[in-house]
Structure formats: C-alpha cells, structure tokens
Amino acid sequence: SYLASDLLQGRNTPSRGLDIAAEYIASEFRRAGLEPGGDDGYLQTSAMIETRSNPEGFALTLANGGEKTVLGPDKASLSVFQPLHLERIRRDMLDRNDPNLEKNLRKEEMDGKVVLMHGPTRELLAPLRKIFGVLMSTKPLAVVMAGGDGLGIPEGVRLREAGQSGEEPGGFFSLPIVHVTDPRAVEFLASLPRGVSQATASIDVSAPSARPVQVHNVVGILRGSDPRLKDTCVLVTAHYDHLGVKASGAGDRIYNGANDDGSGTVSVMEIADALTALNPRPRRSVVFITFFGEEKGDLGSHYYAAHPVFP
C-alpha cells in the first residue's frame, strides 16, 4: 500500500518517487537484519545518462498528390534519439489488422522508407510488439503512428550506463518513432491504400538532450550458515520501478504499479523476514535484490549482472 501509493508518483526511472522507494526497501532490509550489499549501504548506485527526445522545432509533413498535412509538436510525442531530417521520403502503409502482416513485411519494401500505421490500442498491444520485432530487421528510416490510445508506445526518454560508448540501448522500440494524435493525420492515413504509393513524409527532429542521473538497486545479504556453502548463493529478486505519471489526460494519471512490481517487491521483503527468522539459517547465502529500470529495458538487472556482488 505504501510502495504503490500516489505519494511515490509511479516510481518512474529516474524520479524522486523511485529514490524514496529505494530508501524504504533498504530500511526494510535493515530491519530484517540483512547485511548491506551495495556501495552505499544497501544501495548499489548506477551512474547513467538520460537522453530525452527534443520536440522543439519538430515538424511532420504528409503529402499525397496535391494534398498536404503539416503537423507541429503540440499533438505529437517523439521517441527519437538522434537528429532526423527526412525530405519527401516514400512511405509504406501497414494495415495493423492484417492477420498475415508479419509474413508480408519484406525488407525491400521497408528499407529506406517511412512506415505509416495507425496507433496502437490496448487490444492490439501484443501484435504491435511482434510487428516491431520484424521491423527491427527491415531498417525503415522512421515509423509514424497516428491515433490510438498511445498504450505501448515508448516515452521519449532512454537511459544508458555512463561511460558506455556506442548507440543508445536497442530493443523493439529503438527505431525512430513519431506518434501523432491530430485527427488530420488519422484521416490522411485512412485515405491511403496499404503498401507503397506516391505519398511521402518529411520529418524534422532536433538533437536530443542528455544529462547524468543516479539510480539504485537495493541489495541485502543473508549469509549462509554452512562454511562450505556460504560462498554460493540464491538470488531472490523483483523490480521496484514502474511507469511514473501519464503526461496528459483526464482523471487519475498515476501508474501506481501495485501488481507485479509492487507485489513482487513486497514478496522479496517478506521472504527476507521469513528466512532471517530461521534457526539455523539457510546453508547457502541468500541475496535479496530489487532492481530499478525494468520498465526501461531491464536496466537494473543488467547493471547487477555487469557489477555483481556475487557473480
């Protein structure tokens, strides 16, 4: 009830609510009698770089014959992490309701094009992820979605460990994505046949901004009672982050995250309570970890794997 309360504002990575949650979990590990396993008490600190899409100066032009639709940043959300300047690029229109869409996606049709598709809805979230899995291998220049409820479209923020070189983290949503809610864009898409035509898209996106941030895994250790086995361990883990606060809309916009992350984190704390009360303790050591950033691409668990207290 505390972790999922409005006070913690959905525990986005990074956020003050996430930091408060980490301190709360650490206090529960301390109360249970676990040994701290972080670099700062129970906190394992990860220095990261937050890259944020830049809506300033964004423009999208959709053209078909003599018809032209020009859209600005007021009704668009971006998941674009490099400057993008595309002029009159031929486009391919995908029908998300096509049951054979995954089979029909061909690299020669997608490569070097701007892919247009209707935005996702709750019912079509799973097919959308499959479609993006295929699009990742076909190399379109950008994906433009229009309409839908926006569920499942990534926010315009990415995190990577400081000091890492190369591109931003990959995954299904590493392609440049533009989601527009303007009815004119929805009408434009509705007027197009599936496949390649003479319609074009022009897109301008400025370079993203970047800033350093710190986030934390929370690590507690129950040392094993058997001298021969205490250097081997069992990990009991969950992620304590969630999706934060929805940017706009009516009513309650906080993603509280009571199930999965909230309940999973509480289960880790309850198991810690139960095992520390045993006499004798488990023969092997037990490492209790709650991870940050699972919703941003399993960041906390990847960080622990790269910087383990126990390999």
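For the structure itself, consult the block above.
What you see is a predicted model; the values in this text were computed from it and never measured.

K.L.:
Would you take a moment to explain the overall build of the chain for this structure?
P.N.:
Secondary structure summary: the chain contains seven helices and 14 strands in total. Every one of the 311 residues in the chain was classed for burial, and the buried ones make up 46%. Split by element, the accessible area of the chain, about 15200 Å² in all, is 50% carbon and sulfur.

K.L.:
Teacher, can you tell me more about helix 7 (residues 299-306) here?
P.N.:
In an α-helix there are 3.6 residues to a turn, and that puts residues three or four apart on one side. Those residues of helix 7 that sit buried are Leu-299, Gly-300, Tyr-303 and Tyr-304. For helix 7, the arc enclosing every buried residue in end-on projection is 135°, short of the 170-degree limit, so these residues lie on one face. Every exposed residue of helix 7 that faces more than 90 degrees away from the buried side is listed here: His-302, Ala-305 and Ala-306. Buried-residue contacts for helix 7 involve strand 2 (43-52), strand 9 (157-161), strand 12 (209-222), strand 13 (233-239) and strand 14 (285-291).

K.L.:
Would you mind going over unusual backbone geometry with me for this structure?
P.N.:
A negative phi angle characterises most non-glycine residues, just as the trans form characterises most peptide bonds. Look at the link from Thr-13 to Pro-14: it is a cis peptide, with omega at -5°. Relative to the helices and strands, Pro-14 resides in the segment before helix 1 (16-32). Each neighbour pair has its own omega, and for Asn-279 with Pro-280 the value is 5°, a cis peptide bond. As for its position among the elements, Pro-280 is in the loop between helix 6 (258-276) and strand 14. A positive phi angle, close to 50°, is found at Arg-11, a residue other than glycine. For Arg-11, the position within the fold is in the segment before helix 1. Even without a glycine there, the phi angle at Arg-88 is positive, about 50°.

K.L.:
Even after reading the chapter, I still don't get a negative patch on the surface, so can you show me in this structure?
P.N.:
Together, Asp-19, Glu-23, Asp-39 and Asp-40 make up a negatively charged patch on the protein surface. When you line up the elements, Asp-39 lands in the loop between strand 1 (35-36) and strand 2.

K.L.:
Sorry, what's going on with the packing of helix 1 against helix 6 here?
P.N.:
Two quantities define a packed helix pair, namely the angle between the axes and the distance from one axis to the other. Running from amino to carboxyl end, helix 1 crosses helix 6 at an angle of 10°, the nearest separation of the two axes being 9 Å. On the basis of the axis angle, helix 1 is roughly parallel to helix 6. In this structure, helix 1 crosses over helix 6, and the sense of that crossing is right-handed. In this structure, helix 1 contributes Tyr-24, Ile-25, Glu-28, Phe-29, Arg-31 and Ala-32 to the contact, and helix 6 contributes Thr-265, Val-268, Met-269, Ala-272, Asp-273 and Thr-276. Counted by class, the contact of helix 1 with helix 6 contains seven nonpolar, two polar and three charged residues.

Cut-offs used in this document
- Throughout this document, residue positions are counted from 1 along each chain, in the order its sequence is written.
- Per-residue local features of the predicted model are confined to residues with pLDDT of at least 70, and side-chain atom pairs are confined, for both listing and counting, to 80 or more; whole-chain, interface and lining totals are unaffected and use all residues.
- No hydrogens and no water enter the side-chain calculation; it runs on all heavy atoms of the structure.
- Starting at the N terminus, helices and strands are each numbered in turn, a helix being any DSSP run of H or I of at least four residues and a strand any DSSP run of E of at least two.
- Each residue is placed in one exposure class: buried if its accessible area under a 1.4 Å probe, protein chains only, is under 20% of its type's maximum, exposed if it is over 50%, and partly exposed if it falls in between.
- Where accessible areas are quoted, they stem from the Shrake-Rupley method and a 1.4 Å probe; at the residue level, only the protein chains shown are allowed to cover.
- The arc in question is the one traced by the directions running from the helix axis out to the C-beta atoms.
- Whether two residues are in contact is decided by their heavy atoms: any pair within 4.5 Å suffices.
- Patch members must show over 30% relative accessible area and no salt bridge, and they are joined within 9 Å when carrying like charges or within 5 Å when they are nonpolar side chains of Val, Leu, Ile, Met, Phe, Trp or Tyr.
- Here, a salt bridge means any side-chain nitrogen of Lys or Arg that lies within 4 Å of a carboxyl oxygen of Asp or Glu.
- By the counting rule applied here, Lys and Arg register as positive and Asp and Glu as negative, while His and the ends of each chain are not counted.
- Where a charge sits is defined by one atom per residue type, namely NZ (Lys), CZ (Arg), CG (Asp) or CD (Glu).
- Every axis in this analysis is a line fitted to C-alpha atoms, fitted for helices over the stretch in contact. Angles between the N-to-C directions lie between 0 and 180 degrees.
- Angular relationships are summarised with four words: roughly parallel below 35 degrees, roughly antiparallel beyond 145, roughly perpendicular across 65 to 115, and oblique for the angles in between.
- Crossing chirality is assigned from the near helix's rotation relative to the far helix, an anticlockwise turn below a right angle marking it left-handed and a clockwise turn marking it right-handed.
- Polarity classes work like this: nonpolar for Ala, Val, Leu, Ile, Met, Phe, Trp, Tyr, Cys and Pro, charged for Asp, Glu, Lys and Arg, and polar for all others, with Gly in that last group.

Coordinates in, geometry out; function isn't part of it.
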